[in-house]
Amino acid sequence: SIVFNTRRAPLQDIHFRQALHYAYDFEWMNKALFYGQYQRLQSYFQNSELAATGRPSADEMRMLQPYLKQLDAVQRAGVLSDWKAPVTDGSGFNRQGLLIARQILLNAGYRYQQGVLVDSSARPINIELLINPNTEQRSLMPYVRNLKKLGVQFTVRQVDESQYQERKRKMDFDLITEEMPQSLTPGKEQMQMWGSQAATQAGNYNYAGIRSAVIDDAIQQLNAAKDRPTLILRTRVLDRLLRAGYYQILTYHQPKQWLAYWNMYQRPARVPQLSAG
């Protein structure tokens, strides 16, 4: 995913983060760069029973109800809806997505001065994407181009691996790309990823800087689950809260395992139970 550091302006503004989601053109990249082999991520727990799908169930709504008044209107609407990442026409221009993003920004008080996006105090919007030498830049440059079309003064800064890790550890960035694998049995590590306390701890995993009493409580509820069905239910609620907060742009994944084989070999007569074969 592309992670927004919400400790910094204007990324602390959920409207700004939501607009930046509409600038991401997965459909064109999948067609032009990935041979149509990937799928868009729609969940922090994609491809598992933990992923939230459709509108909230009755059980999910009972858990969400006490939270709703504490949420920003944008996050509340996302939590209650059948949330989906924005879809483009795949043409490479993403005109409709950029028009929606522009309108979100204007409604939130941003303005344009000679084609440059400025905030309510007339300060130009400057954002830096921090990458390391291993970052696959070709999948990021189309996004950079779209942000520049929105009037964002955007730079990509590549640093060596040691500097990258140090700046990430100290949360010294605007945007980074990050892989955050999940367990099929989520637990206390969720506090390290999304909890308010972890947002202020150097070296922890809450790179987005999420500080939300609602998300903290949802994680505590998850950790207190006594059985598998309750764990699944509470993880889905957490998933909805994270997606609707627009803390990260969920990018893409490969839902299958690709295996190469050479037919000079044979399968052993006895195969390990959990082997891919």
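Computed from a predicted structure; not experimentally measured. (Residues numbered from 1 in each chain as written. Predicted model: local features only at pLDDT ≥ 70, side-chain atom pairs only at ≥ 80, totals over all residues. Heavy atoms only, no water.)

**Some details on the overall build of the protein**
Next, step 1: Along its length, the protein carries 10 helices and nine strands.
Next, step 2: Compactness check: the protein gives a C-alpha radius of gyration of 20 Å against a globular reference of 19 Å for 277 residues, within 12% of the reference.
Next, step 3: Seen through its C-alpha atoms, the protein measures out along the principal axes to roughly 70 × 50 × 40 Å.
Next, step 4: Counting the 277 residues in the protein, one finds 48% classified as buried.
Next, step 5: Sequence separation of 24 or more characterises 75% of the internal contacts of the protein that already satisfy a separation of 6 or more.
Next, step 6: When the accessible surface of the protein is summed, it comes to about 15,000 Å², and 49% of that surface belongs to carbon and sulfur atoms.
Next, step 7: Taking the 34 positively charged and 24 negatively charged side chains of the protein as two groups, their mean positions are separated by 2 Å. (Helix = DSSP H or I, 4+ residues; strand = E, 2+ residues; numbered from the N terminus. Rg over C-alpha atoms; globule rule 2.2 N^0.38 Å. Buried < 20%, exposed > 50% of the residue type's maximum accessible area, 1.4 Å probe, protein only. Contact = heavy atoms within 4.5 Å. Areas by Shrake-Rupley, 256 points an atom, 1.4 Å probe, with all protein chains shown as cover. Lys, Arg positive; Asp, Glu negative; His and termini not counted. Charge placed at Lys NZ, Arg CZ, Asp CG, Glu CD.)

**Some thoughts on the nonpolar core**
Next, step 1: Of all hydrophobic cores here, the largest spans 37 residues; its most connected members are Tyr67, Trp194, Ile215, Leu241 and Leu242.
Next, step 2: Mapped by element, the contributors of at least two residues to this core are helix 3 (58-64), helix 8 (189-194), helix 9 (213-223) and helix 10 (228-244).
Next, step 3: It is helix 10 that contributes the most residues to this core, seven residues altogether.
Next, step 4: Leave out the neighbours within four places in its chain, and Leu242 touches Tyr44, Trp194, Ile210, Ile215 and Tyr247.
Next, step 5: Among the nonpolar cores identified, the runner-up in size contains 31 residues, and Ile2, Ile127, Tyr143 and Phe154 belong to it. (Core = buried A, V, L, I, M, F, W, Y, C linked by side-chain atoms within 4.5 Å.)

**Looking at the pattern of salt bridges**
Should their charged atoms come close, side chains of opposite charge can pair.
Next, step 1: The full count for this structure, using the stated rule, is 13 salt bridges.
Next, step 2: A salt bridge links Glu166 to Arg169; its shortest N-O distance comes to 3.2 Å. Taken together, the residues span about one helical turn, with Glu166 and Arg169 both in helix 7 (residues 161-169) at a distance of three residues.
Next, step 3: Residue classification places Glu166 among the partly exposed positions, given a relative accessible area of 33%.
Next, step 4: A salt bridge links Lys170 to Glu166, with the nearest nitrogen and oxygen atoms 3.3 Å apart. (Salt bridge = Lys/Arg side-chain N within 4 Å of Asp/Glu carboxyl O.)

**Some remarks on the environment of Gly90**
Next, step 1: Of note, Gly90 is situated in the loop between helix 4 (73-80) and helix 5 (95-107).
Next, step 2: For the pair Gly90 and Glu27, spaced 63 residues apart in sequence, the C-alpha to C-alpha distance is 4.7 Å.
Next, step 3: Those residues in contact with Gly90 that sit more than four places away from it in its chain are Glu27, Trp28 and Lys31.

**Digging into a nonpolar patch on the surface**
Next, step 1: On the surface, Trp262, Met264 and Tyr265 cluster together into a nonpolar patch covering about 430 Å² of accessible area.
Next, step 2: Residue placement: Trp262 occurs in the segment after strand 9 (252-253).
Next, step 3: A relative accessible area of 57% places Trp262 in the exposed class. (Patch = residues over 30% accessible without salt bridge, like charges linked within 9 Å, V, L, I, M, F, W, Y side chains within 5 Å.)

**Side note on the environment of Leu33**
Next, step 1: Along the chain, Leu33 turns up in the loop between helix 2 (26-32) and strand 2 (39-40).
Next, step 2: For the pair Leu33 and Arg138, spaced 105 residues apart in sequence, the C-alpha separation works out to 8.2 Å.
Next, step 3: Setting aside residues up to four positions removed in sequence, Leu33 forms contacts with Trp28, Arg138 and Ser139.

**Overview of the side chain of Ser43**
Next, step 1: Looking at the secondary structure, you find Ser43 in the loop between strand 2 and helix 3.
Next, step 2: By relative accessible area, which is 4% here, Ser43 ends up buried.
Next, step 3: A polar contact is formed between the side chain of Ser43 and the backbone nitrogen of Phe45, at a distance of 2.8 Å.
Next, step 4: Sequence-distant contacts of Ser43, defined by excluding residues within four places in its chain, comprise Ala51, Ala52, Asp239, Arg243 and Leu250. (Polar contact = N/O pair within 3.5 Å; in protein donor to acceptor, adjacent residues only side chain to side chain.)

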